[in-house]
Every structure is written in structure tokens, then in C-alpha cells.
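Summary of the model geometry
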Number of protein chains: 2
Amino acid sequence: MEEREISRAVIGRLPRYYRYLGELLDAGVERISSNDLSKKMSVTASQIRQDLNNFGGFGQQGYGYNVKYLYTEIGKILGLNRQHNMIIIGAGNLGQALANYASFEKSGFSLKGLFDVNPRLEGVSIRGIPVRMMDELKDFLKHNEIEIAALTIPKSKAIEVADLLVANGIKAIWNFAHTDLNLPDDVIVESVHLSDSLMKLSYNITSYNEEHGSKA
Amino acid sequence: MEEREISRAVIGRLPRYYRYLGELLDAGVERISSNDLSKKMSVTASQIRQDLNNFGGFGQQGYGYNVKYLYTEIGKILGLNRQHNMIIIGAGNLGQALANYASFEKSGFSLKGLFDVNPRLEGVSIRGIPVRMMDELKDFLKHNEIEIAALTIPKSKAIEVADLLVANGIKAIWNFAHTDLNLPDDVIVESVHLSDSLMKLSYNITSYNEEHGSKA
């Protein structure tokens, strides 16, 4: 297949396609036209066609998309057809929330370990995974093939811990710490900055109120 | 001031500017050139200048930016110069994690209430805020001016609860449920889809491995 650079915007939309197709599958829908999918997703039908054409199309003019096939193929593009072993660093509320999302397991993300510095969490288990202390991390990484580390720890420790993870072979970090990590180019980082998201909400409230003359 | 449509991409970058400027402020930096800021943030200096020009510039050629002034002005643009009263629906791990982020309070987001359906959470308090049962929600919204509701509940309940919130005057929803909400146009929704983010990470791992010939 021809190799092409896929734009970040397209990649950013793929999980949303995957989510909607999963909902359609659950609802027993076998086939959907790009028009119906576009209404459901509030994007234009031509956007959908363009996006999917990046990966070879998947649809036949006039027949719409086979939901199951499209779901499976997008899953493959997203790398969900293989298992990703994951650990979570930081077993506070956020770490525990992530550990409890059983739906991640369904998509191939397999939680193998949970780590924290808080001795009160030692012995606590989440979905059968015990919380281990940070001093066990190096050894754990030596004996387990872990691909992804989720970082749910305060900003003050994030950079130090990220460096430790990378030094011990972690190649992908799902970062929730309130800071950007500057890691080597071969380490893949995806950050979820919750406060950035809240500020976007605040911006949108503010500009809506200004436009509509509500109290500011 | 002249009214202009600001692109979503620019708005999406503002919280990041705010975050970096806050770090500079904390570090006692008074002035920064767009070049130095660009190195720190890994964006081009011309991008920074273009972005900030949307709001009138803030910098004088050759003098760089006054960090505190720029931080304050971006804060105003983001609507952080006034208080946003917030409630959280869903006091599980994720709801509690959000409730515990003291840094939100610092930015003007004031947590006023926490709601859940789980009777075992009744009487639990987080940072002095008691968890209330959902049947108290309507009455609570009548007697308190709440602007934002964070939705940290399962997808199966999210749409119903969002409708209830909107019917009771909520104008902004910070949505963590694994579904998009289709609400009236005057309701502002900002969604954090954690699984979308994890899938983007997986995509990036997969395409990195393909490019570099690692095991897939």
C-alpha cells in the first residue's frame, strides 16, 4: 500500500469514528451511508469520505459503509488489534479512575501494574492489580514487557519519573501531569491537560456571553 | 476593540501559553522574547506572534513580552478573571480526582457541589464539599448560581443527566462521559474523551513502529 503522511487532524478524528461505529455495531446497524454517519457525527459527509479515503476508502459509492468492516479496519489503523501492556504511575483518584475503566481492556490496553509512593496504598488492589511501591518499578519493568506508562502524578514529580521510565525502556507515556514532558524523539507522549480543557470551556462561556450580551 | 473571529486552533493554544507563562512567573521571569518563549514551548516564534496578534499583540518589537502582563491578559481572554461556580456529577474516582484539583480553584473555578446516586457516598466530603444525592440536584440548582457542571458518570446515564442539568439552567458542561452530548446551541460543551486520547497514543505507537521496523 502506498505510504502517505496522514494529517494530525485526520488522526485526531479516527477515535471518534471508531466510537460512533462501535455504538452503531452495538445497536445492530450493519450498513450506514456517509450521509447518515455525517448527521450522527455532526460533520459533513464529504469530510468523512475525505478522511476515510486516506486509508483506502472502505465504501462503495451508493452502498454506504459496512459498519463492522469499517470498525475493524479503523481499529487496526489505531493499533487496537494487538495488546498494549500498560502501567499506571500514581494510584490516587485519577490513577484509580483509569485503572477502573474496564473499556480500555476491551480495546486491547491491558493494565499490568499500578505504582505509587504512598505506603498507605500498599496492599490495595484495583481489579486484581496490586498497588506496588515506586522502588519496585525498575525491577518490574525488567521482568515485564510494558509499552505504555500512564502518568497520574503531580507536576513536581512528573519530569523525574518520566525520565526514569524512559531510562528503563518505556516507549510511550500517557501524561496527565500538568506539564509538558520533553523526552527523546523516540518516546511517544500523549498528554491530557485537564486544566487546558477547563480553560477552553471558560473561554467559550466568556465569548458566548460577550456575543449574547449576558452578564460577564 | 475590533471584533474578530478567533480560530479554534488559536483558542486551543491559549491555555498552553497561559500554563507556560504561569511557570515563568513562578520562576520569577519578568520578560521573555518570542524566541525564548518559542524554544520553551516548541512552537515557532512567528506562530506565537501571530497567535497573540489576534488579541492585539502584547509585545513591543525588540522588548519581548512582559510575562505578568501577558499572563494576566491571556487569563482575561480565557475568562479566568471572574469566578465560575461548578458542580461535579459523579463522585467516583474521576469526580473525586477533579474535586481534589486545588489548582482549578486558583484559576477561578469554584467547586460548590458534588452529586452521586451511590448512597454509600452520602456523608463523604471532599475538600469540605459534601457529596449530595442526585434527588437534591434540582433544588440545589434553584438556590445556587452554578455555571458549569462536570459530568463524570457512565455513558449510559450521561445524556439523561445532561438534559436534566440543561432543563435546570446549566449553561456549560465539562463532559467526561464516553459519548458526545447533543444539547441546545446555547449550552457550551467541552468533552474530555479519555479513550480517544489513549487511541491516539496507540496510533502513534503503531505508526512509529511501522516506520522504524519494530515488532508490531
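Quantities reported herein were computed from a predicted structural model and do not represent experimental measurements. (Residues numbered from 1 in each chain as written. Chains lettered and ligands numbered in written order. Predicted model: local features only at pLDDT ≥ 70, side-chain atom pairs only at ≥ 80, totals over all residues. Heavy atoms only, no water.)

All names here are of chain B. Burial analysis of strand β4 (residues 84-89) places six of its six residues in the buried class, which makes it a mostly covered element. Both faces of β4 are covered, namely the face carrying His-84, Met-86 and Ile-88 and the face carrying Asn-85, Ile-87 and Ile-89. Bridge count between β4 and strand β8 (residues 148-151): four bridges; the pairing is parallel. Within β8, the position partnered with Ile-87 by the bridge is Ala-149. (Buried < 20%, exposed > 50% of the residue type's maximum accessible area, 1.4 Å probe, protein only. Helix = DSSP H or I, 4+ residues; strand = E, 2+ residues; numbered from the N terminus. Pairing = 2+ DSSP bridges.)

What follows deals with the UniProt feature "domain: CoA-binding" (unreviewed entry) in chain A. Under the present numbering, the feature "domain: CoA-binding" (unreviewed entry) in UniProt falls on residues 79-180 of chain A. The distance separating the terminal C-alpha atoms of residues 79-180 of chain A is 24 Å; by composition the span is 32% helix and 28% strand. (UniProt positions renumbered as here; feature names shortened; annotations may be inferred.)

The next thing to look at is the packing of helix α1 (residues 8-26) of chain B against helix α3 (residues 45-53) of chain B. Residues and elements named next belong to chain B. Running from N to C, α1 and α3 cross one another at 105 degrees; their axes reach a closest spacing of 11 Å. What the angle tells us is that α1 and α3 run roughly perpendicular. Residues Val-10, Arg-13 and Tyr-17 of α1 form the contact with α3, whose own contacting residues are Gln-47, Ile-48 and Asp-51. Taken together, the residues of the contact of α1 with α3 break down into three nonpolar, one polar and two charged. (Axes fitted to C-alpha atoms, helices over the stretch in contact; angles between N-to-C directions. Parallel < 35°, antiparallel > 145°, perpendicular 65-115°, else oblique. Contact = heavy atoms within 4.5 Å. Nonpolar A, V, L, I, M, F, W, Y, C, P; charged D, E, K, R; others polar.)

Let's shift gears to a negative patch on the surface. Together, Glu-122, Asp-135, Glu-136 and Asp-139 of chain A line one region of the surface with negative charge. Its location among the elements puts Glu-136 of chain A in the loop between β7 (129-133) and α7 (137-143). (Patch = residues over 30% accessible without salt bridge, like charges linked within 9 Å, V, L, I, M, F, W, Y side chains within 5 Å. Areas by Shrake-Rupley, 256 points an atom, 1.4 Å probe, with all protein chains shown as cover. Salt bridge = Lys/Arg side-chain N within 4 Å of Asp/Glu carboxyl O. Lys, Arg positive; Asp, Glu negative; His and termini not counted. Charge placed at Lys NZ, Arg CZ, Asp CG, Glu CD.)

With that out of the way, let us pick up the domain arrangement of chain A. Each assigned domain of chain A is listed here: domain 1 (8-77) and domain 2 (84-184). Placing a centre on the C-alpha atoms of domain 1 of chain A and another on those of domain 2 of chain A gives a separation of 33 Å. (Domains from an automatic or database assignment.)

What follows is about the environment of Tyr-69 of chain B. Tracing the chain through its elements places Tyr-69 of chain B in helix α4 (residues 67-77). For the pair Tyr-69 of chain B and Leu-21 of chain B, spaced 48 residues apart in sequence, the C-alpha separation works out to 9.8 Å.

Attention now moves to the nonpolar core. Ranked by size, the top nonpolar core spans 106 residues in total, and within it Ile-74, Leu-114 and Trp-174 of chain A together with Ile-74, Leu-114 and Trp-174 of chain B carry the most contacts. Here Ile-74 of chain B is in contact with Leu-14, Tyr-17, Tyr-18, Leu-21 and Leu-52 of chain B, once residues within four sequence places are set aside. (Core = buried A, V, L, I, M, F, W, Y, C linked by side-chain atoms within 4.5 Å.)

Counted under the stated rule, the structure contains ten aromatic pairs over all chains. An angle of 55 degrees between the planes, with centres 5.1 Å apart, marks the rings of Tyr-101 of chain A and Phe-104 of chain A as tilted. The class of Tyr-101 of chain A is partly exposed, set by a relative accessible area of 26%. On the basis of relative accessibility, which here comes to 5%, the residue Phe-104 of chain A falls in the buried class. Ring plane angle 75 degrees and centroid distance 5.6 Å describe the contact between Phe-104 of chain B and Trp-174 of chain B, whose orientation is recorded as edge-to-face. Of this pair, Phe-104 of chain B sits in helix α6 (residues 102-106) while Trp-174 of chain B sits in strand β9 (residues 172-175), and the two are 70 residues apart along the sequence. (Phe/Tyr/Trp six-rings, centres within 6.5 Å; stacked < 30°, edge-to-face > 60°.)

Right, let's get into the interface of chain B and chain A. If you look at the interface, chain B gives 62 residues, while chain A gives 62 residues. Taken together, the connections running from chain B to chain A amount to ten salt bridges. Here Lys-200 of chain A and Glu-190 of chain B are joined by a salt bridge, their closest N and O atoms 3.9 Å apart. Joining chain B to chain A, the criterion identifies 22 residue pairs in polar contact (both at pLDDT 80 or more). (Polar contact = N/O pair within 3.5 Å; in protein donor to acceptor, adjacent residues only side chain to side chain.)

The terminal C-alpha atoms of α1 of chain B lie 28 Å apart, and with 19 residues this matches the ideal 27 Å at 1.5 Å per residue to within 8%. Burial in α1 of chain B covers these residues: Val-10, Ile-11, Leu-14, Pro-15, Tyr-17, Tyr-18, Arg-19, Tyr-20, Leu-21, Gly-22, Glu-23 and Leu-24 of chain B. Check the buried side of α1 of chain B and you find it contacts α8 (155-167) and α9 (194-212) of chain A together with β1 (31-32), α2 (34-41), α3 and α4 of chain B. Immediately downstream of α1 of chain B, the backbone of Gly-28 of chain B shows phi near 80 degrees, a positive value. (Expected span 1.5 Å × (residues − 1).)

Now for the relation of the copies chain B and chain A. For the pair chain B and chain A, the superposition axis carries a translation of 0.0 Å, the fit reaches an RMSD of 0.0 Å, and the rotation angle comes to 180 degrees. The superposition of one copy onto the other is thereby described by a two-fold rotation axis. Distance from the rotation axis, computed per C-alpha, reaches its smallest value in chain B at Asn-93 of chain B: 2.4 Å. Mapped onto chain A, 98% of the interface residues of chain B are again interface residues, and the two copies thus contact each other with one and the same surface. (Least-squares fit on C-alpha atoms with pLDDT ≥ 70 in both.)

What follows deals with the pairing of strand β9 (residues 172-175) of chain A. The side chains of a regular strand alternate, residue by residue, between the two faces of the sheet. Residue and element names in this part refer to chain A. Here β9 shows no split at all, with Ala-172 and Trp-174 on one side and Ile-173 and Asn-175 on the other all buried. One ladder, built from four bridges, connects strand β8 (residues 148-151) with β9; its direction is parallel. Residue pairing across strands places Ala-150 opposite Trp-174, the latter belonging to β9. In this fold, β8 hands off to α8, which returns the chain to β9; that crossover is right-handed. (Right-handed = clockwise from strand over helix to strand, strands pointing away.)

Before going further, it helps to examine the sheet that holds strand β7 (residues 129-133) of chain B. Each strand in a sheet pairs with another by means of backbone hydrogen bonds, the pair being arranged parallel or else antiparallel. All names here are of chain B. Taking strand neighbours across the sheet as the criterion, the seven strands line up as β6-β7-β5-β4-β8-β9-β10 in an open arrangement whose pairing is mixed. Lying at the two open borders of the sheet, with one neighbouring strand each, are β6 (125-126) and β10 (188-191). When strand β5 (residues 109-116) meets β7, the two strands line up parallel, connected through three bridges. Each bridged residue has a counterpart across the sheet, and for Leu-114 the counterpart in β7 is Val-131. In the packing of helix α8 (residues 155-167) onto the sheet, the strands contacted are β4, β8 and β9, and the crossing angle to β8 comes to about 170 degrees.

Reading across the sheet, the seven strands line up as β6-β7-β5-β4-β8-β9-β10 (chain A) and stay open at both edges, with mixed pairing between neighbours. The open sheet has two edge strands with one neighbour each: β6 (125-126) and β10 (188-191) of chain A. Across the face of the sheet, helix α9 (residues 194-212) of chain B comes into contact with β4 (84-89), β5 (109-116), β8, β9 and β10 of chain A while running at roughly 165 degrees to β10 of chain A.

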